[in-house]
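Fold and geometry: a report
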Amino acid sequence: MKNVLFVCTGNTCRSPLAEALFRGLVKGRSDVSVASAGVGAFSGQPASKHSVTLAKEAGQDLSTHRSKAVTIDLVEKATHIFALGRGHQAALLDDFPEAEDKVYLVTEFVADDRLRGRDIADPFGGDLEDYREVKELLEKCLPSLLAYMDQTWKDEAGRGSKQGD
């Protein structure tokens, strides 16, 4: 089972939207579970209204989403952790150095050189179009994450490994 965790700051905008869109990509697959959390999240907050709207447009429901902070349990359970920005990636590695082999930037595998390695900007406080830009970037990046996972996942013990290990 591949356990994917998307991580941003507050777990109300970017990571819930990434989670919802990725759920759409893996719909019907029983070998992938998806969750999200935030490195600075206050637990129990709803997803932003614009993330809910855009998820709904994509056929996904974020209306019951409640934010949660990244915990050791979430990190240990995850086989792949995708940070929405380099700051999130650094915070994860500072707090959970043992997870280094499964923490990636969400743009790490995208084919477009202009997007690879780029942070997904935080739309918090922005309008629907700011959120739509995030959604469009995620839609470009998420298929490459799934392809990477499918091409490299080999460990039956529930641990992922980076290519070349």
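Residues numbered from 1 in each chain as written. Predicted model: local features only at pLDDT ≥ 70, side-chain atom pairs only at ≥ 80, totals over all residues. Heavy atoms only, no water.

Looking at the confidence of the model for the chain
Going by this rule: You can read pLDDT as the predictor saying how much it trusts each residue, on a scale of 0 to 100. Whether two residues are in contact is decided by their heavy atoms: any pair within 4.5 Å suffices.
Averaged over every residue, the pLDDT of the chain is 93; residues scoring 70 or more account for 93%. Taken as a whole, residues 156-165 scores under 50 in pLDDT and shows 17 contacts with residues more than four places along the chain or in a different chain.

Digging into the pattern of salt bridges
Let me state the cut-off plainly: We define a salt bridge as a side-chain nitrogen of Lys or Arg found within 4 Å of a carboxyl oxygen belonging to Asp or Glu. For the exposure calls, accessible area comes from a 1.4 Å probe over protein chains only, and a residue counts as buried if that area is under 20% of its type's maximum, exposed if over 50%, partly exposed in between.
If you walk through the whole model with that rule in mind, you get 12 salt bridges. Measuring nitrogen to oxygen at the nearest pair gives 2.8 Å for the salt bridge that ties aspartate 31 to arginine 29. Its relative accessible area of 28% is what places aspartate 31 among the partly exposed residues. The partner of arginine 114 in a salt bridge is aspartate 112, and the shortest N-O contact between them spans 2.9 Å. Exposure remark for aspartate 112: the relative accessible area of 22% places this residue in the partly exposed category. Salt bridges sharing common partners tie together Lys2, Arg29, Asp31 and Asp150.

Focus: the sheet that holds strand β2 (residues 32-38)
Defined as follows: Any two strands with at least two DSSP bridges between them are considered paired. Only DSSP runs of H or I covering at least 4 residues are called helices, and only runs of E covering at least 2 are called strands; the numbering of each starts at the N terminus. Fitting a line to C-alpha atoms yields each axis, with helices limited to the stretch in contact; the angle taken between N-to-C directions then spans 0 to 180 degrees.
Here 4 strands make up an open sheet; going across it, the order is β2-β1-β3-β4 and the pairing parallel. Of all the strands in the sheet, the pair left with one neighbour each is β2 and β4 (103-105). For this sheet, the mean angle separating the axes of adjacent strands, direction not counted, is 25 degrees. Looking at chain direction, strand β1 (residues 2-8) and strand β3 (residues 80-83) are connected through 4 bridges and run parallel. Paired with valine 4 across the two strands is histidine 80, which belongs to β3. Sheet strands touched by helix α1 (residues 14-25): β1 and β2. Its angle to β2, the strand with the most contacts, is close to 170 degrees. Along the sheet face, helix α5 (residues 128-152) touches β1, β3 and β4 and points at about 145 degrees away from the line of β1.

Points about the pairing of β3
Using the following cut-off: Handedness of a crossover is defined as follows: with both strands directed away from the viewer, a clockwise route from the first strand across the helix to the second makes it right-handed.
Here β3 shows a buried face lined by His80 and Phe82 and a second buried face lined by Ile81 and Ala83. Two strands pair when backbone bridges link them, and β3 and β4 are joined in this way by 3 bridges, in the parallel orientation. Among the inter-strand pairings, isoleucine 81 is bridged to a residue of β4, identified as valine 103. In this fold, β3 hands off to helix α4 (residues 86-95), which returns the chain to β4; that crossover is right-handed.

A short note on a negative patch on the surface
Formally: To count toward a patch, a residue needs a relative accessible area over 30% and no salt bridge; like charges are then connected within 9 Å, while nonpolar side chains (Val, Leu, Ile, Met, Phe, Trp, Tyr) are connected within 5 Å. Here the open area of atoms and residues is found with the Shrake-Rupley method and a 1.4 Å probe, where only the protein chains shown may cover a residue. Neither His nor the chain ends is counted toward charge; the positive residues are Lys and Arg and the negative residues Asp and Glu. To locate a charge, take atom NZ for lysine, CZ for arginine, CG for aspartate or CD for glutamate.
There is a patch of like negative charges on the surface, built from Asp127, Asp130, Glu133 and Glu136. Mapped onto the elements of the fold, glutamate 136 is located in helix α5. Classification of glutamate 136 by relative accessible area gives partly exposed; the value is 41%.

Notes on α4
Residues spaced three or four apart along an α-helix face the same direction, because each turn holds 3.6 residues. For clarity, the threshold we go by: As used here, the arc is the angular range of directions from the helix axis to the C-beta atoms.
Among the residues making up α4, those that are buried are His88, Gln89 and Leu92. All buried residues of α4 fall inside an arc of 100 degrees around its axis, so they share one side. Counted as exposed and oriented over 90 degrees from the buried face of α4: Gly87 and Asp94. Elements that come into contact with the buried residues of α4 comprise β1, α1, β3 and β4.

What about the nonpolar core?
What counts is decided by this rule: In this description, a nonpolar core means a group of buried Ala, Val, Leu, Ile, Met, Phe, Trp, Tyr and Cys residues linked to one another through side-chain atoms lying within 4.5 Å.
Grouped together as the largest cluster of nonpolar side chains are 33 residues, with contacts concentrated most on Phe6, Phe22, Phe82, Val106, Leu138 and Leu142. With residues up to four places along the chain from it excluded, the contact list for valine 106 reads Phe6, Phe82, Ala83, Leu84, Ile120, Leu138, Cys141, Leu142 and Leu145. Grouped together as the second largest cluster of nonpolar side chains are 13 residues, Leu5, Ile81, Phe96 and Ala99 included.

Topic: the side chain of threonine 79
Applicable threshold: Whenever a nitrogen or oxygen atom comes within 3.5 Å of another N or O atom, the pair is scored as a polar contact, on the condition that within protein one atom can donate a hydrogen and the other can accept it, and that pairs from neighbouring residues in sequence are kept only if both atoms are in side chains.
As for its placement among the helices and strands, threonine 79 is situated in the loop between α3 (72-77) and β3. Here histidine 80 takes part through its side chain, which lies 2.9 Å from a polar atom of the side chain of threonine 79.

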